[in-house]
Amino acid sequence: MDWQGQKLAEQLMQILLLIAAVVAFVVGYTTASFRTMMLIYAGGVGVTTLITIPNWPFFNRHPLKWLDPSEAEKHPKPEVVVSSKKKSSKK
């Protein structure tokens, strides 16, 4: 799953769970049944799980290009610069 696919999966999850919660609340309220509300919401969570957790092809529309190991060795690795200056605290 690429970065855009992760963003899409997160957005889908939030939207689908919100829709499931609203539908479950409205149906549960109109039927005066807490059990029905919870079953509808649990079904929404199940559908959301089946849509967002597997690595579906539409989550891989923007694959990352990785360097070959031989190419990576040609490029210098970034060096970490450590500053030796310490801030003195005045009392």
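Just so you know, these numbers come straight off a predicted model, no measurement behind them.

Rules and cut-offs
Residues numbered from 1 in each chain as written. Predicted model: local features only at pLDDT ≥ 70, side-chain atom pairs only at ≥ 80, totals over all residues. Heavy atoms only, no water. Helix = DSSP H or I, 4+ residues; strand = E, 2+ residues; numbered from the N terminus. Buried < 20%, exposed > 50% of the residue type's maximum accessible area, 1.4 Å probe, protein only. Areas by Shrake-Rupley, 256 points an atom, 1.4 Å probe, with all protein chains shown as cover. Phe/Tyr/Trp six-rings, centres within 6.5 Å; stacked < 30°, edge-to-face > 60°. Expected span 1.5 Å × (residues − 1). Polar contact = N/O pair within 3.5 Å; in protein donor to acceptor, adjacent residues only side chain to side chain. UniProt positions renumbered as here; feature names shortened; annotations may be inferred. pLDDT = per-residue confidence, 0-100.

Asks: Would you mind showing me how to read the overall build of the protein chain here?
Replies: Within the protein chain, the regular secondary structure consists of three helices and zero strands. Split into buried and exposed, the 91 residues of the protein chain put 13% on the buried side. Of the roughly 8,300 Å² of accessible surface on the protein chain, 66% is carried by carbon and sulfur atoms.

Asks: Looking at this structure, I do not really get the packing of aromatic side chains. What am I missing?
Replies: Ring pairs (aromatic) are described by centroid distance and by the angle formed between their planes. Counted according to the given criterion, the structure contains two aromatic pairs. Considering the side-chain rings of Phe25 and Tyr29, the 5.9 Å spacing of their centres and the 25 degrees angle between planes classify their relative orientation as stacked. Taken together, the positions of Phe25 and Tyr29, both in helix H1 (residues 3-31) and four residues apart, correspond to about one turn of that helix. Residue Tyr29 is classed as exposed on the basis of its relative accessible area, which comes to 64%.

Asks: Honestly, H1 in this entry has me stumped. Any pointers?
Replies: Note on helix geometry: an α-helix contains 3.6 residues per turn, so any two residues three or four positions apart are oriented the same way. A rise of 1.5 Å per residue sets the reference length of H1, with its 29 residues, at 42 Å; its end C-alpha atoms lie 42 Å apart and thus fit the reference within 8%. Buried residues of H1: Gly5, Ala9, Ala20, Ala24 and Gly28, and no others. Measuring from the backbone nitrogen of Gln4 back to the side-chain oxygen at the start of H1 gives 3.3 Å, which picks out Asp2 as the cap. Backbone geometry just downstream of H1 places Ala32 in the positive-phi region, at approximately 55 degrees.

Asks: Which parts of the structure should I look at to understand the environment of Gly43?
Replies: Along the chain, Gly43 turns up in helix H2 (residues 34-52). With relative accessibility at 35%, the residue Gly43 sits in the partly exposed group.

Asks: I'm lost on the UniProt feature "transmembrane region" (unreviewed entry) in the protein chain in this one. Help?
Replies: Here the UniProt feature "transmembrane region" (unreviewed entry) sits at residues 12-32 and 38-59. In residues 12-32, the share of helix is 95% and the share of strand is 0%. The end C-alpha atoms are 29 Å apart. Summarising residues 38-59: 68% helix, 0% strand, and an end-to-end C-alpha distance of 30 Å.

Asks: What am I meant to see in the confidence of the model for the protein chain here?
Replies: Caution is warranted with low-pLDDT regions, since their predicted coordinates should not be read in detail. The share of residues in the protein chain with pLDDT of 70 or more is 89%, and the mean pLDDT across the chain is 86. Per-element averaging of pLDDT across the protein chain places helix H3 (residues 69-74) at the bottom with 73 and H2 at the top with 96.

Asks: I tried to follow unusual backbone geometry on my own but got confused; where do I start?
Replies: It is generally the case that most residues other than glycine have a negative phi and that most peptide bonds are trans. The backbone phi angle of Ala32 is positive, close to 55 degrees, even though this residue is not glycine. Looking at the secondary structure, you find Ala32 in the loop between H1 and H2.

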